[in-house]
Amino acid sequence: MKRLFIFTVSVGCLVTFLFTFFYAYRIFRSSAMDQMELKEVSSSQARIVMITQELESPFTKALQVGFYRSARENNMDVTVWGSYHSNLIELMKYMDIAIASKVDGIIVQAMDGPEFIEKVQKATEKGIPVITVGMDSPTSLRKTYVGPDHMQEGELIGSQIRLQMKDGGQICLVSGGKMSSTEKLRLEGVQRVLAGQPSFQLIIEEGNDDELNLSKQTVSRVLNRYPELREFVGLNAEAGVGIAQALNERGRGNSDRIYAFDDTPELREFVDSGRITSTLVNDNTAIGEKSMKLIKQWLQNEDLPLPRNVNTSAVVYMGKSGR
Amino acid sequence: MNTIRRKIIWLSLCNWVFIAVLWLALNIYNQKTIEAYNTILQRYLFMNQISQLSSNSVTWINRYMDEHQQSQMDAYDSVKQQLEIAESRLGTLTNTSNDSALVNYGNMINSQVTAMDLVVYNVRMGNRESAQEQFDVSTNISKFISEATLSLFSTELRTYNEFYQTMIQRSHDLQKMGFWTLAMASCILILFSYRFASGITRPILALSLAAKKIALGNYEDSIEIKTNDEVSFLARTFNQMRLNIQHSITEIQHNAQLEADLQEHKLRLKENELKSLQSQINPHFLFNTLNILSKKAYLEGAEETSDLISSVSGLLRYNLKRLDKPVKLRDELAVLDEYLTIQKARFMDRVTYLKEIDDLCTNIHVPNLTLQPFVENAFIHAIEPSISGGTITIRVFKHAGDIIVEIIDDGAGMDEESLSAISNGLGVGAKQGHSTGIGIDNVVQRLELFYGVQNVVSIVSSPGQGTCVRLTLPVQKERNS
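Residues numbered from 1 in each chain as written. Chains lettered and ligands numbered in written order. Predicted model: local features only at pLDDT ≥ 70, side-chain atom pairs only at ≥ 80, totals over all residues. Heavy atoms only, no water.

What follows is about helix H2 (residues 58-74) of chain A. Residues and elements named next belong to chain A. Spanning 17 residues, H2 covers 24 Å between terminal C-alpha atoms, matching the ideal 24 Å at 1.5 Å per step. By the burial criterion, the buried members of H2 are Phe59, Thr60, Ala62, Leu63, Gln64, Gly66, Phe67, Ser70 and Ala71. A positive phi of about 55 degrees marks Asn75, the residue just after H2. (Helix = DSSP H or I, 4+ residues; strand = E, 2+ residues; numbered from the N terminus. Expected span 1.5 Å × (residues − 1). Buried < 20%, exposed > 50% of the residue type's maximum accessible area, 1.4 Å probe, protein only.)

Strand order in the open sheet made by the six strands is E2-E1-E3-E4-E5-E11 (chain A), with parallel pairing throughout. Only two strands of the sheet have a single partner each, and these edge strands are strand E2 (76-82) and strand E11 (309-312) of chain A. For this sheet, the mean angle separating the axes of adjacent strands, direction not counted, is 20 degrees. Both strand E5 (residues 144-148) of chain A and E11 of chain A contribute to a ladder of four bridges, which runs parallel. Bridging across to E11 of chain A, Gly147 of chain A finds its partner in Asn311 of chain A. Helix H3 (residues 99-125) of chain B rests against strand E1 (46-52) and E2 of chain A of the sheet, and its axis sits at about 90 degrees to E1 of chain A. (Pairing = 2+ DSSP bridges. Axes fitted to C-alpha atoms, helices over the stretch in contact; angles between N-to-C directions. Contact = heavy atoms within 4.5 Å.)

Below, the discussion takes up helix H10 (residues 284-299) of chain A. Residue and element names in this part refer to chain A. Between its first and last C-alpha, H10 extends 23 Å over 16 residues, near the 22 Å set by a 1.5 Å rise per residue. Every buried residue of H10 is accounted for by Asn284, Thr285, Ala286, Ile287, Gly288, Ser291, Met292, Leu294, Ile295 and Gln297. Within two residues after H10, Asn301 carries a phi angle of roughly 55 degrees, on the positive side.

Before going further, it helps to examine the side chain of Ser138 of chain B. Residue and element names in this part refer to chain B. In this structure, Ser138 sits in helix H4 (residues 128-159). Separated by 2.8 Å, the side chain of Ser138 and the backbone oxygen of Phe135 make a polar contact. Beyond its immediate stretch of four places on either side in the chain, Ser138 contacts Val58, Gln112, Ala115 and Met116. (Polar contact = N/O pair within 3.5 Å; in protein donor to acceptor, adjacent residues only side chain to side chain.)

The subject of this paragraph is the pattern of salt bridges. Side chains that differ in sign of charge can pair as their charged atoms come close. Per the stated rule, a full pass over the model turns up 18 salt bridges over all chains. A salt bridge links Arg257 of chain A to Glu231 of chain A; the shortest N-O distance between them is 3.2 Å. Of this pair, Arg257 of chain A sits in strand E9 (residues 257-260) while Glu231 of chain A sits in strand E8 (residues 231-234), placing them 26 residues apart in sequence. Owing to a relative accessible area of 25%, Arg257 of chain A belongs among the partly exposed residues under this scheme. Under the relative-accessibility criterion, Glu231 of chain A is labelled buried at 5%. Ionic pairing is found between Arg395 of chain B and Glu356 of chain B, a salt bridge with its closest N-O pair at 3.4 Å. Taken as a pair, Arg395 of chain B in strand E4 (residues 390-399) and Glu356 of chain B in strand E2 (residues 351-357) lie far apart in primary sequence, 39 residues in all. (Salt bridge = Lys/Arg side-chain N within 4 Å of Asp/Glu carboxyl O.)

The subject of this paragraph is the interface of chain A and chain B. Listed as interface residues are 39 residues of chain A and, on the opposing side, 40 residues of chain B. Surface buried jointly by chain A and chain B totals about 3,700 Å² across both partners, of which 67% is contributed by carbon and sulfur atoms. Remark: the boundary between chain A and chain B carries two salt bridges. For Asp173 of chain B, the salt bridge identified is with Arg26 of chain A, shortest N-O distance 2.9 Å. Taken together, the links from chain A to chain B amount to seven residue pairs in polar contact (both at pLDDT 80 or more). (Buried area = accessible area lost by both parts, 1.4 Å probe.)

Here we take up the packing of aromatic side chains. Residue and element names in this part refer to chain B. Counting across every chain of the model gives twelve aromatic pairs over all chains. Ring centres of Phe347 and Phe379 lie 5.4 Å apart, and the angle between their planes is 20 degrees; this geometry places the pair in the stacked category. Highlighted residues: Phe347 in helix H8 (residues 329-347) and Phe379 in helix H9 (residues 372-383), separated in sequence by 32 residues. The pair formed by Phe347 and Phe379 is uniform in burial state, with each residue classed as buried. Taking the centre distance of 4.9 Å and the plane angle of 85 degrees together, the rings of Phe450 and Tyr451 count as edge-to-face. Neither Phe450 nor Tyr451 differs from the other in exposure class; each is buried. Members of the aromatic cluster, connected to one another through ring pairs, are Tyr160, Phe163 and Tyr164. Note that Arg63 overlies the ring of Trp60, its terminal NZ or CZ placed 4.8 Å from the centroid. Just above the ring of Tyr353 sits the side chain of Lys344; from NZ or CZ to the centre is 5.9 Å. (Phe/Tyr/Trp six-rings, centres within 6.5 Å; stacked < 30°, edge-to-face > 60°. Lys NZ or Arg CZ within 6 Å of the ring centre and 35° of its normal.)

Rendered as structure tokens:
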């Protein structure tokens, strides 16, 4: 009995000691490891702000990859700001914040409108360089534009159409909303290529200001009017997808040809599955890297003035098989 | 000596140290945790304060624009000053993930201050429109600042998320450790107390058991307690006491035995005295009767009978003398003559005496009645069984400073066995048939006691060769008789 008692208590002692030690060790280790780091960081980094129309869009994502890659190399700090859907007011607010924060450079996906031009002017007054990417605002005081030449894009698609329809015919060009400058440029490009060919008849359909992304309805309307239409051009990504969907609903699409601009996974998928004939792809990562390089040039006063436009080449994508 | 007091002090001291260390460690740790919490809290408070200052300054500017009061201007100035101080201290918040955000933040504050100063300037210049424009700018910036504050908060939370989690985990761990420590302390304390208590009580228990044993009269088992405190001292003393008591008891027992023996001896002595008194009555009467018989025989002309009776009477008288007084060998020999006369009358021609006595040797003292038993022995064993009788030779001579008395018979003799039996005092019938009632072994003992030496009597004998009893009496200084 006495033995048992001593044995039990000794075992208890050992067990409790082990547990105590275990917890003490855990506490000790965690407190030794996690001292709150409050180090002074010399903020000599150039702070670049990227303001995008749509966060999470493939374009922005690809751009970010390029930014971060060159930012690491050049000791710059890039912050990406933006809303989840294209919104001029938000974009203006971010421009304001960037200006008030006296950042070292603004990279922005331009929007049409006098407000934007005004903000760029304000930034320039404060000595902040603004570079537009992907979409341009040529009338503003932006330092340079990095991205595809949209006119050229239009021409590419135009020549593609010409190649495919030797006999000419009706071509419907669709934009879901009110045409932006980019879309206008693309349209212009297409028109320019097909200008010398009277057999080609262009039907241009655009939505209005307050109705965004209604390309599907627009296409349906057009199809009602022109049931014989075989050729479609979506002037933006949304329009491309809308055309494909509208045709699909009518049980058509296999014999029709759809052309689209922009490089989104959805469009690529449609091209791969043959529902869209071809689209244009850009190396967006390269846009990001190039714009960073230009900002750096500006900040270091090298090779000034900067070129007005730095165009990246667009490539016709016709599906994985490369039809 | 490790006393009980010291033991108690040690136990208490150990306890105290344990508790003190634990308390200190926990306290220090707690202090550290609180400091960490304070740092975190201060960061948030600081950011919040900036946001507050920013909107306050806008409020004051707005009032100033409307009312142009100097007091409002002063209030604005003080808020602006605070804002600028806060801005200069922004660097203390810097960490890896909010570096550029903080710079932006600081710049926004600067922009706001600039815009507000422009408001003041324009108000003073009376340029209301510009003032309003700048005021809108500063209001916007103030909004941005409060948004940026929220964004900083969220960055802060993200950055230190792991740290906070660790802290929470740690506090849980600490709680658990507290419980386990309590359990451990309890266990250790139980164990120590138990050991300590049994360290005191076990020897006391052993001691009380020993005391019980002693109370029951068992003094044999020794008390051994191998601690080194007062109890052991007590045990040693107790053990000593036990030994003393045991010793005393043994002594008492011994004394009692002695007393009992003495008592027995006394009783026996009384009995003997009584017996001797009894036996003395008869011999005196017998002695007187024998004397009368001798005279009567002489008067009636039976001279031989008268002599015989006279011899018996002489022998009897000699026998009645005190046994403890030594006598001269001469007297002893004279008594022997009387005895031989009596025996001669009994055995007639069957017995022959030969006496070769050196008269120079007869002055030695010998114990009473030492020769007669041997001679009588010779008669019993040598003469009586033999039909043709025998010869008894008595020789007294000096040899090598000793006086030798030899009593020789030519009887059947003895074998080795009987001889050794006699010399061991186990002779069969050694005491039987003696007229004087004194046996051989008695004589041998008395002789040895009287002379203080061993081997006074030696017997040489072999079957068919007779027996020679030799008494070797050492010559000694004349003793007082």
